[in-house]
Amino acid sequence: MRVPLVLVLVLAGGACDGGPDQARGKAPPPVPLVERMPPVDPARCVAGTLLVAGMTCSGCEHNVGTALRLVEGVLEAEADHASGETHVRYDPERTSLAALAEAVRAAGYGVASTQGPTPR
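Since the model is a prediction, treat every value here as computed from it, not as a measurement. (Residues numbered from 1 in each chain as written. Predicted model: local features only at pLDDT ≥ 70, side-chain atom pairs only at ≥ 80, totals over all residues. Heavy atoms only, no water.)

Student: Looking at this structure, how should I read the pattern of salt bridges?
Tutor: It is possible for side chains of opposite charge to pair when their charged atoms get near one another. Within the structure shown, the criterion is met by four salt bridges. Glu93 is the partner of Arg44 in a salt bridge, and the nearest nitrogen-oxygen pair spans 2.2 Å. Residue Arg44 is found in the loop between helix 2 (33–36) and strand 1 (46–53), and its partner Glu93 is found in the loop between strand 3 (85–90) and helix 4 (97–106); the two are separated by 49 residues along the sequence. Arg44 sits in the partly exposed class, given a relative accessible area of 40%. Residue classification places Glu93 among the exposed positions, given a relative accessible area of 65%. We note a salt bridge from Arg89 to Glu76, for which the minimum N-O separation is 3.8 Å. (Salt bridge = Lys/Arg side-chain N within 4 Å of Asp/Glu carboxyl O. Helix = DSSP H or I, 4+ residues; strand = E, 2+ residues; numbered from the N terminus. Buried < 20%, exposed > 50% of the residue type's maximum accessible area, 1.4 Å probe, protein only.)

This is the structure in structure tokens:
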């Protein structure tokens with residue numbers, strides 16, 4: 001005599017609906033550091049330029065820009081490896097071009113010169 005085989009499928013919920021990952025206490029993915037920075041008031045910002053040595057590609061642009069955006073008081077930073085210039089908008093009461101240059105050096109790049117600040 002043959003006994004029929006019965007399969008029972010149990011559909012486990014994913015992390016979005018409180019599934020097994022949440023039941024095991026698995027934490028959600030971390031928030032990127034740049035998104036954790038305190039907000040900067042654009043009205044208080046000035047513009048400055050850093051001449052950065054050693055940028056050779058778009059990856060370098062990303063590294064320099066991220067290093068600058070992680071400095072408290074920076075609103076935005078845009079690097080260009082072709083010209084070597086990095087334009088930064090920052091709150092001068094919270095940081096300085098010297099501190100920004102140091103952040104770029106800590107990321108592994110040289111800073112040839114700085115210009116600024118100019119109100120914006």
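Student: Would you take a moment to explain the environment of Leu51 for this structure?
Tutor: Mapped onto the elements, Leu51 comes out in strand 1. The spatial distance from the C-alpha of Leu51 to the C-alpha of Val111 is 5.8 Å, given a sequence separation of 60 residues. Apart from residues lying up to four places away in sequence, Leu51 is in contact with Ser83, Gly84, Glu85, Gly110, Val111, Ala112 and Ser113. (Contact = heavy atoms within 4.5 Å.)

Student: Is there a simple way to think about the side chain of Arg89 in this case?
Tutor: Locating Arg89 in the fold gives a position in strand 3. Overall, the relative accessible area of 16% leaves Arg89 in the buried class. Within polar-contact distance, the side chain of Arg89 engages the backbone oxygen of Pro42 at 3.4 Å. (Polar contact = N/O pair within 3.5 Å; in protein donor to acceptor, adjacent residues only side chain to side chain.)

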